[in-house]
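# Structure assessment
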Amino acid sequence: MKTISLIIIAVLATTFSAAQPALAQRQPAGDRVYRLRITPMAPVRPAMKYRLLPSLLDQTPGNAGQLYMLGATQAPTTDELNNQIDNWLQADLTALPRKEIDDALGDKKLEYCVRFFEKAARREVCHWETTYKTEGFEALLPHLLGMRNGVRVIALRARLQIADGDFAGALHSMQTGMGVAQHLNNEAVLVQQLVSAAMARMMLEDVTEWVGRENAPNLYWALAELPRPFNDITRTLDCERFGLQFSFPALRDLENGITPEQWQSVMKRFPQMLQWDGGKSEIRKAAEMGPAVFAIRLYPQAKKYFIDKGMPKDKVEAMPVQLALARYLVESLQEESDEVLKWSVLPYWQAREQMNAAEQAAQQAQARGEAGPLGWMVASVKTARVRLVVLDRRIASLQCVEGIRAYAATHDGKLPDSLADLVETPAPLDPVTNQPFAYEVKGDTGLLNVPPVGDGLPDRGWKYEITIAK
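From a predicted model like this one, the values you see are computed outputs, not experimental measurements.

This next bit is on the environment of Arg-122. On the secondary structure map, Arg-122 appears in the loop between helix H5 (108–120) and strand S3 (123–125). Measuring from C-alpha to C-alpha, the distance between Arg-122 and Pro-451 comes to 35 Å, with 329 residues separating the pair along the chain. Excluding residues that lie within four positions of it along the chain, Arg-122 makes contacts with Pro-54, Asp-58, Gln-59, Thr-60, His-172, Gln-175 and Thr-176. Of the polar contacts made by the side chain of Arg-122, one reaches the backbone oxygen of His-172; its length is 3.1 Å.

Here it is, written out as structure tokens:
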């Protein structure tokens, strides 16, 4: 089994990984450490005054998609500038080279990019009108890179505003960035949701800076209001389930059969799609040799598949060859995919063990030669689900920190002994474990520990070392 998407190899999502703060970079061997000297601060009244997504009152009629597309064309395009912005995003707030940044952000194109994104993030709807359902593996997602680079600019603006104590301006910028990330959930394929999560994580780095600034308003309820999960993967994985049918419309309605001409149209483009296998699979070799060789190689397997499923032998023999082959490709892939993808409908903490076991079983079946002809196309979602749940984890852990700030505001500047003490601003559970986060007090420091997810994945945890500003 290969970790692939019919649109784009999932590893490309690493191109869009969120920049990490300088403090995290100084901790390369272990968990990231955020040292926060917090000002005790209760949530404001009205409680929802501060929000991290544009409110309904701020939204205007219209489709955001076109505005995002326009904004993406004005985003930074050079590696030099994008790398420089990344460096600034990782720098300490007190060490930002203001004049250099102001000169870079003063570029007219970047101003237009930000303006388009600000308007788009506050539109009532967002339809991307991508062509995946009609073009399948040949569909393009031209907006993602420009949007990722544009949000990078917005995140930098928010950092500057936080450094200046301009909390109103910073909130507007963070709403824009989070709004963009939320809109990317719409009509999303998997790689698009990974980009969305990377954007949101970047904006949450700004939230972390906010929390540690003197007299910063408390964002507990703003964090609590964010969607959980922030990225709903259930509908997105339907793109993986039906990728074969989206790529080849003739395979969509096999209940009504498939003509020889329709089968020829499938075989004409089939070898191109099979290039995604990362190697010379048997089915790819057969497809490249033409429809006749393809049928000779796969037709006996197709007949055995249907007989093993309980179909009478005479009915199998009566099925036209092209229909037997088409159904075999679609139905075997659907069956094998669903054994892995069905776990996406459950919360991560509940599905984790079974999901990992299902993926391992699929890999072993492929290695033994027992999987269907397209078994290598079964999408591996373990890594993707971890990337998405880590975003929810970041939101929840920051909500805990803001709950601690609220507690200190009403308890003479003291840290709570336990997260269970946060009654007015309850601490959310860790979405990875569905258990409370690990928290303890040592001296005058509160330690909130978020360990790596594990499962052999190259992820890192993080820690908050919280002290109270006197």
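Next comes the rest of the description.
Keep in mind that low pLDDT regions are not for reading the predicted coordinates in detail. Taken residue by residue, the protein gives an average pLDDT of 88. The fraction at 70 or more is 92%. Looking over the protein, one finds the lowest element-wise mean pLDDT in helix H1 (residues 22–25), namely 34, and the highest in helix H10 (residues 220–225), namely 98.

With that settled, consider the pairing of strand S6 (residues 462–468). Of all seven residues in S6, five are buried, a share of seventy percent or more. As defined by bridge partners, strand S1 (residues 32–38) adjoins S6 across seven bridges and the pair is classed as parallel. Bridge pairing in S6 places Arg-37 opposite Thr-467. As paired strands, strand S5 (residues 445–450) and S6 are joined by five bridges and run antiparallel to one another. In the sheet register, Leu-447 faces S6, and the bridge partner there is Glu-465.

Strand order in the open sheet made by the four strands is S1-S6-S5-S4, with mixed pairing throughout. The open sheet is flanked by S1 and strand S4 (438–442), the only strands paired with a single partner. Ignoring strand direction, the axes of neighbouring strands in this sheet form an average angle of 20 degrees. Against the sheet, helix H9 (residues 190–211) makes contact with S1 and S6, and its axis sits at roughly 35 degrees relative to S1, the strand it touches most. Seen against the sheet, helix H19 (residues 382–409) touches S1, S4, S5 and S6 and runs at an angle of roughly 10 degrees to S6.

Before going further, it helps to spend a moment on the nonpolar core. In this structure, Tyr-68, Leu-244, Leu-251, Trp-263, Phe-270, Phe-294 and Leu-374 are the most contacted members of the largest nonpolar core, which totals 149 residues. Looking at this core element by element, the count peaks at 14 residues for H19. In this structure, Phe-294 is in contact with Trp-263, Met-267, Phe-270, Ile-283, Ala-286, Ala-287, Leu-325 and Leu-329, ignoring residues within four places of it in sequence.

Here the focus is H5. Helix length check: H5, at 13 residues, gives a terminal C-alpha distance of 18 Å against a target of 18 Å (1.5 Å per residue), a fit within 8%. Along H5, the residues classified as buried are Leu-110, Cys-113, Val-114, Phe-117 and Ala-120. The buried residues of H5 occupy an angular sector of 130 degrees when the element is viewed end-on, so they sit on one face. Looking at the buried residues of H5, the elements they touch are helix H2 (65–73), helix H3 (79–90), helix H4 (98–105), S3, helix H7 (143–163) and helix H8 (167–183).

We now examine the pattern of salt bridges. Evaluated as defined, the whole model comprises 21 salt bridges. The salt bridge partner of Glu-225 is Arg-51, with a shortest N-O separation of 2.3 Å. Note that Glu-225 is positioned in helix H10 and Arg-51 in the loop between S1 and strand S2 (60–63), a separation of 174 residues in sequence. Relative accessible area serves as the criterion here: at 24%, Arg-51 is assigned to the partly exposed category. Its salt-bridge partner being Lys-342, residue Glu-339 comes within 3.2 Å of it at the nearest N-O pair. Overall, the relative accessible area of 44% leaves Glu-339 in the partly exposed class. With relative accessibility at 36%, the residue Lys-342 sits in the partly exposed group. Taken together, the shared-partner salt bridges in this structure form one network comprising Lys-108, Glu-111 and Arg-115.

Now for the packing of H3 against H4. Running from amino to carboxyl end, H3 crosses H4 at an angle of 140 degrees, the nearest separation of the two axes being 12 Å. The angle between H3 and H4 places the two elements in the oblique class. Of the two possible hands of crossing, H3 and H4 adopt the one that is left-handed. Touching Leu-81, Gln-84 and Trp-88 of H3 are Glu-100, Ile-101 and Ala-104, all from H4. Looking at the contact of H3 with H4 residue by residue, the class counts come to four nonpolar, one polar and one charged.

A few words now on the environment of Asp-164. Take Asp-164: it is sitting in the loop between H7 and H8. Taking the C-alpha atoms as reference, Asp-164 lies 9.4 Å from Leu-93; in sequence the two are 71 residues apart. Side-chain polar atoms of Asp-164 contact the side chain of Arg-98, separated by 2.8 Å.

Here we take up H7. With 21 residues, H7 ought to run about 30 Å at 1.5 Å a step, and its terminal C-alpha atoms sit 31 Å apart, in line with that. Looking one or two places after H7, you find Gly-165, whose phi comes out positive at around 75 degrees.

With respect to the helices and strands, Gln-193 occurs in helix H9. The spacing of Gln-193 and Thr-236 is 43 residues in sequence and 8.1 Å in space, taken between C-alpha atoms. Residue contacts for Gln-193: discarding those within four places in its chain leaves Asn-185, Ala-188, Asn-231, Asp-232, Ile-233, Thr-236 and Leu-388.

Once that is clear, we can look at the packing of aromatic side chains. Two aromatic rings are characterised by how far apart their centres lie and by the angle between their planes. Counted under the stated rule, the structure contains 12 aromatic pairs. Between the aromatic rings of Trp-263 and Phe-294, the centroid separation amounts to 6.1 Å while the plane-to-plane angle is 50 degrees, which identifies the pairing as tilted. Taken as a pair, Trp-263 in helix H13 (residues 260–274) and Phe-294 in helix H15 (residues 291–308) lie far apart in primary sequence, 31 residues in all. Phe-294 matches Trp-263 in its accessibility class, with the two residues each being buried. Geometrically, the ring pair formed by Tyr-305 and Tyr-328 is tilted, given 5.3 Å between the ring centres and 50 degrees between the ring planes. Pair noted here: Tyr-305 is in helix H15 and Tyr-328 is in helix H17 (residues 321–341), with a separation of 23 residues, a long-range link. Each member of the pair, Tyr-305 as well as Tyr-328, carries the same accessibility label: buried. Joined through ring pairs, the aromatic side chains of Phe-137, Phe-248, Trp-263, Phe-270 and Phe-294 make up one cluster. Geometry around Tyr-112 places Lys-108 over its ring, the cationic atom sitting 5.9 Å from the centre.

Criteria and cut-off values
Residues numbered from 1 in each chain as written. Predicted model: local features only at pLDDT ≥ 70, side-chain atom pairs only at ≥ 80, totals over all residues. Heavy atoms only, no water. Helix = DSSP H or I, 4+ residues; strand = E, 2+ residues; numbered from the N terminus. Contact = heavy atoms within 4.5 Å. Polar contact = N/O pair within 3.5 Å; in protein donor to acceptor, adjacent residues only side chain to side chain. pLDDT = per-residue confidence, 0-100. Buried < 20%, exposed > 50% of the residue type's maximum accessible area, 1.4 Å probe, protein only. Pairing = 2+ DSSP bridges. Axes fitted to C-alpha atoms, helices over the stretch in contact; angles between N-to-C directions. Core = buried A, V, L, I, M, F, W, Y, C linked by side-chain atoms within 4.5 Å. Expected span 1.5 Å × (residues − 1). Arc of directions from axis to C-beta. Salt bridge = Lys/Arg side-chain N within 4 Å of Asp/Glu carboxyl O. Parallel < 35°, antiparallel > 145°, perpendicular 65-115°, else oblique. Left-handed = near helix turned anticlockwise from the far one by under 90°. Nonpolar A, V, L, I, M, F, W, Y, C, P; charged D, E, K, R; others polar. Phe/Tyr/Trp six-rings, centres within 6.5 Å; stacked < 30°, edge-to-face > 60°. Lys NZ or Arg CZ within 6 Å of the ring centre and 35° of its normal.

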